[in-house]
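Observations on chain architecture
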Amino acid sequence: MVRVPRSSRSGGADTVAAAPAGITVGQPDADARLSGPAAVSVRDLTVAFSTPEGLLPAVSHVSLDLDRGQITGLVGESGSGKSTLALTLLNAVPQPGRVTSGAVLIDGLGDVLGLTRRNLRRARGASIGYVFQASQNSLNPLKQVGKQLLDLGRSHGESDLRGLLRRARTLLDDMGMDANRVLASFQHELSGGMRQRVGIVFALVLNAHVLILDEPTTALDMLTQASVLEIVRKVHAEHHLTTLVISHDVGVIGDLAQRIAVMYAGRIVEEGPTATVLADPRHPYTRGLLTAMPRITGDVALARPLPGRPPDLTSIPRQGCVFRERCPLAMDICAAAEPPVTKTEGGERRFACYAAAGETP
Amino acid sequence: MIEVQEITRTFAGRGGLLRRPGVRALRGVSLTIPDRGAVCLIGESGCGKTTLGRILCGLEDFDGGDLVVDGQSLAALKAKDRARYFRRIQLIHQDPYSALNPTRTIRQILDDPLALRARQLGQDGAWVAGRRDELLGLVGLDPAYVLPRYPHMLSGGMRQRVVIARALTVDPEVLVADEAVSMIDVSLRLGILQLLRDLRDQVGVAVLFITHDVATARYVGTGGELHVIYRGTVIERGTTDTVIQHPVHPYTQCLLSAIPVLRGIEEPGAARIVPTAPLDDRQEPSGCLFQPRCPLAAPECAERQPPLSQLGGTVQEHACLFPEDRPVVAVPAAAAAD
C-alpha cells in the first residue's frame, strides 16, 4: 500500500485561549521538538458535563500535542477524563457533555470541533481511526466481519469496495491472521485478541493517518496483550501513523509509547518522553503511580499504595491543585491556586506541581 | 491445610451426534495450600486456573481426583454433605461491582452471614455487631462510613474490601482470589494486594491467588509457591521467587517475556521468547502439550510428555525435557548498564 504524504501544517502558530486567573496553560511549542510539527494539537480544551450539580469539567484546560509519527501514551485512572479527551479528537463527546473551550487541530483537517456534520463524518475513519475501549464487544454479533466491513465502506461513500476488501486483507495478513477466515467469521468465532485486531483493521482500512486506541489490551491475558502491542507497534511504523494509546496501565504505556502524558482529574499533570518521565517522575502523582505498581524487577517490598481514592466528576476539588488531598508534598499554596505548568529540558517535559517546581512551604 | 489431588474436569461438548469433543479444563492438578500459606496460579486465558478456583469453592464439580479439607476426602461425600467443608474456602470475585447486591446496604450484606455464623457458634446479636466492626477494621474500612451505604456509593477498592470482609464472616481457612484486582483502579490495587498479604498474618487465612499478571502474583505470593498452568496441567512449580527469576520451562518463559518493559527503568531480558502460534485448544498434540507453540521444541517433544520433576537438577519442578534457565525477565536499567 502506497501512502500519499499529507500536507504538513505549521504547528505552534496558533494562539492559546485566555486562561482563567491563576491558571497558566502550557504554550504549545512544537518547534522545540526534534520530531517536527505535531500532527494533532489539542489546545486549552475544556469539556464539561451538565449534572444536577451544575456544569462540571471532565477535561479542564488541557493542551497536548501528538507528534507526527510518534506513539503518545495517555495514562490515567477511571474518571480521569482520558476517554473524554480521546472522544473529543473525533468531536464525539457524548451528551450531556460539551466542549466549552479550546480547539483540536488535526493535520489536514483544521479544527475538528468546527467541522460541519458532513465533513466530520468523512474525517472519522478517513483521517482518524478509533479503536474503541469495548472493541472486543463492539462488532455486530449477527453479521460476518466481512459484511460489516462493507457496511463501513458504504456508509463512508467508498466507491471502490473491492479495494477496501483488498486493504483489509493486507492488514489482516500483516497482523498474522488468516484474512479469508476472519472476514467470513462471526464475532463469537474470534478470540479476544483477534477481535481487537479486527478493531484495528476497521480503524485503518479507510486510510486514517491518526490512530487512537482506547484501552487496547484491557481484558486480554499477558500473551495476547504482548502480541497486540507488537501489532500496534508494527502497523504504526508501516503505515506512518500518529498514534495515541490510552490506558490505565502504566506498564502498557511504558512499553509502547515514546511520549507519555499522565492525566489526573481532567488535567495533564505531567508530560514528556516516556523514558525520562518514568526514570525521573516529577509530579507526585506519577511517582505515586509507579510506586503503587507491583513490578517484576526490583524489591517487591518497596511498593506502596497511593492513599485516598481517585476523584469523580463531582468530587474534583474546585480550587487549587486537584491532587493535593492525596499528595505527600501538599503545602498551603496547593490549596490556594492550581499549580502553573513548569517546563524543563528545553520544553521537552512539563509538569504542574508547586513542590516539583521548587516551591517550599 | 487443603489438598488438591489429581483433580480432573472435562466440559462436555455440545451438539448431539456431531458433538465436538469436550474441553479438558483440568487434566490432573495437584497442589497443597498450607495454613497461612500463599499459592499463586498463573497462566493464560482458558488454561483452567479459574475452573480450579471454582472447584475449590464448590461452585463446580470435579470428575476425578480428590479434594481433602480438614483431613476429609470430599470425593467420598455426597454433594449435600460437602457444603460445610466448602465454608472453609471462600471466593473473592473478580468484579466487586457485581459481587454485592445493589439493593442492600453494607450492614445488611455483612449481617446476614454473621447472623448465621452466630447461630452456629451460639452467639448473640451483640457478637454480630462487634464482629462486623472488627472485620471492617481488618479490611481498612470505617464502619460508621460504610455500614449505612449501598454498594454504588463506594469506590471499586472499597467494594472489594467489603467483599473480602464478607468472605471473612464465616471464618474461612482459604481465600480464593480470582483476578481480584483487575477491575480496580490502578492507584488502589496495591492496597487490596497488601490487604491479602496482611490477612495471612492477622487472621491466619491462606490465600490462593489466581491471575495472569505475574507482577501481582510476585507481590502477593512472596514467600509462597507459584504454579504455572498450561491447558489444565501444572507445567512448572516452585517458590515464587525461583520460578519468576529462574524459569526453566519455555511456557513460563513466554509468559515472563510478555510482561511489558518500562522504558527508562527496565531493560528487556536478553533471551525473551514468544510462542510460535496462538492457543488452539481444539488440537490435542502428541507428547508435550506446549510443543506445537514452543519456539524451542525438539523432535523428542512430540514423542513424550515428561511428568513434573526436577529433571536436570533444577530447584523447582517442571515438565520439560530440556529445562534451561534463560534470562527472559526484564532487569532494572541500572543493572543492565553495569
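Residues numbered from 1 in each chain as written. Chains lettered and ligands numbered in written order. Predicted model: local features only at pLDDT ≥ 70, side-chain atom pairs only at ≥ 80, totals over all residues.

A:Pro96 follows A:Gln95 through a cis peptide bond whose omega is 0 degrees. With respect to the secondary-structure elements, A:Pro96 resides in the loop between helix H1 (82-88) and strand E4 (97-106). Phi is positive for B:Asp70, close to 50 degrees, though the residue is something other than glycine. If you trace the backbone, B:Asp70 turns up in the loop between strand E4 (64-69) and strand E5 (72-73). Its 10 C-beta neighbours within 10 Å are what place B:Asp70 among the exposed residues. Backbone geometry places B:Asp171, a non-glycine residue, at a positive phi of 50 degrees. Within the fold, B:Asp171 resides in the loop between helix H6 (156-168) and strand E7 (174-178). Overall, the presence of 15 C-beta atoms within 10 Å leaves B:Asp171 in the partly exposed class. (Helix = DSSP H or I, 4+ residues; strand = E, 2+ residues; numbered from the N terminus. Buried ≥ 20, exposed ≤ 12 C-beta atoms within 10 Å, placed from the backbone.)

Moving on, we get to the interface of chain A and chain B. The partner chain B presents 37 residues to the 32 residues of chain A that form the contact. Broken down by secondary-structure element, the contributors of at least two residues to the side of chain A that touches chain B are helix H7 (222-238), helix H8 (250-256), helix H9 (274-279) and helix H10 (284-291) of chain A. Residues that form the side of chain A that touches chain B fall into these classes: 16 nonpolar, 10 polar and 6 charged. (Contact = placed C-beta atoms within 7 Å. Nonpolar A, V, L, I, M, F, W, Y, C, P; charged D, E, K, R; others polar.)

Once that is clear, we can look at the sheet that holds E4(B). All names here are of chain B. Spatially, the 4 strands line up as an open sheet ordered E2-E1-E4-E5, and their pairing is antiparallel. Each edge of the open sheet is held by one strand with a lone partner, namely strand E2 (23-33) and E5. The sheet contact formed by strand E1 (residues 2-11) and E2 spans 8 bridges and is antiparallel. Paired with Val4 across the bridge in E2 is Leu31. (Pairing = 2+ DSSP bridges.)

What follows covers the domain arrangement of chain A. Many authors give the size of an interface as the accessible area that is lost as the parts come together. Residues and elements named next belong to chain A. Along its sequence, chain A is organised into domain 1 (34-127 + 208-318) and domain 2 (139-204). Here the C-alpha centre of domain 2 lies 26 Å away from the C-alpha centre of domain 1. Each partner contributes residues to the interface: domain 1 has 15 residues there, and domain 2 has 10 residues. With 7 residues, the single largest contributor to the side of domain 1 that touches domain 2 is H7. (Domains from an automatic or database assignment.)

Our next topic: the confidence of the model for chain A. Put simply, chain A has an average pLDDT of 85, and 89% of its residues get 70 or more. The low-confidence segment residues 1-36 of chain A, where pLDDT is below 50, has 64 contacts with residues more than four positions distant or belonging to other chains. (pLDDT = per-residue confidence, 0-100.)

Residues and elements named next belong to chain B. Spatially, the 7 strands line up as an open sheet ordered E6-E7-E8-E3-E9-E10-E12, and their pairing is mixed. Edge positions in the sheet fall to strand E6 (89-92) and strand E12 (317-318), since each of these pairs with one other strand and no more. In terms of strand pairing, E7 meets strand E8 (residues 206-211) through 5 bridges, oriented parallel. Counted as the bridge partner of Val176 is Leu208 from E8.

All names here are of chain A. At a closest axis distance of 10 Å, the pairing of helix H6 (residues 192-204) and H7 adopts a crossing angle of 15 degrees. Considering their axes alone, H6 and H7 lie roughly parallel with respect to each other. Remark: the crossing between H6 and H7 carries right-handed chirality. Residues Gly192, Gly193, Gln196, Arg197, Ile200 and Leu204 of H6 form the contact with H7, whose own contacting residues are Thr224, Ser227, Val228, Ile231 and Val235. In terms of residue class, the contact of H6 with H7 is made up of 5 nonpolar, 5 polar and 1 charged. (Axes fitted to C-alpha atoms, helices over the stretch in contact; angles between N-to-C directions. Parallel < 35°, antiparallel > 145°, perpendicular 65-115°, else oblique. Left-handed = near helix turned anticlockwise from the far one by under 90°.)

Residue and element names in this part refer to chain B. Under the domain assignment used here, chain B contains domain 1 (1-88 + 175-185 + 199-245), domain 2 (100-171) and domain 3 (247-338). Using only C-alpha atoms to locate each centre, domain 1 and domain 2 end up separated by 26 Å. The partner domain 2 presents 7 residues to the 8 residues of domain 1 that form the contact. Partitioned by chemical class, the residues of the side of domain 1 that touches domain 2 number 5 nonpolar, 1 polar and 2 charged.

Structurally, B:Ser286 can be placed in the loop between strand E11 (266-267) and E12. Note: C-alpha distance between B:Ser286 and B:Gln305 (19 residues apart in sequence) is 8.3 Å.

Before going further, it helps to spend a moment on the nonpolar core. Within the largest apolar cluster, 194 residues are counted, with the highest numbers of intra-cluster contacts made by A:Ile212, B:Val207, B:Val228 and B:Leu255. Apart from residues lying up to four places away in sequence, B:Leu255 is in contact with A:Met222, A:Leu223, B:Ile42, B:Val214 and B:Val228. (Core = buried A, V, L, I, M, F, W, Y, C linked by C-beta atoms within 7 Å.)

A few words on helix H3 (residues 145-155) of chain A. Residues and elements named next belong to chain A. Looking at H3, one finds that the buried residues are Val145, Leu149 and Gly153. Burial along H3 is one-sided: seen end-on, the buried residues are contained in an arc of 85 degrees. The exposed residues of H3 that point more than 90 degrees off its buried face are Asp151, Arg154 and Ser155. Its buried side turned inward, H3 meets helix H4 (161-174), helix H5 (179-183) and H6. (Arc of directions from axis to C-beta.)

It is a general feature of regular strands that their side chains alternate between the two faces of the sheet. Residues and elements named next belong to chain A. Of all 5 residues in strand E7 (residues 210-214), 5 are buried; the element is thus mostly enclosed. Side chains Val210, Ile212 and Asp214 of E7 all project onto a buried face; the interleaved residues Leu211 and Leu213 project onto the opposite face, where all are buried too. Of the strand pairs in this sheet, E7 and strand E8 (residues 242-247) are connected by 5 bridges, and their pairing is parallel. For Leu213, the partnering residue across the bridge sits in E8 and is Val245.

To continue, consider the confidence of the model for chain B. Taken residue by residue, chain B gives an average pLDDT of 91. The fraction at 70 or more is 97%. Across the assembled chains, the prediction reports ipTM 0.88 with pTM 0.87.

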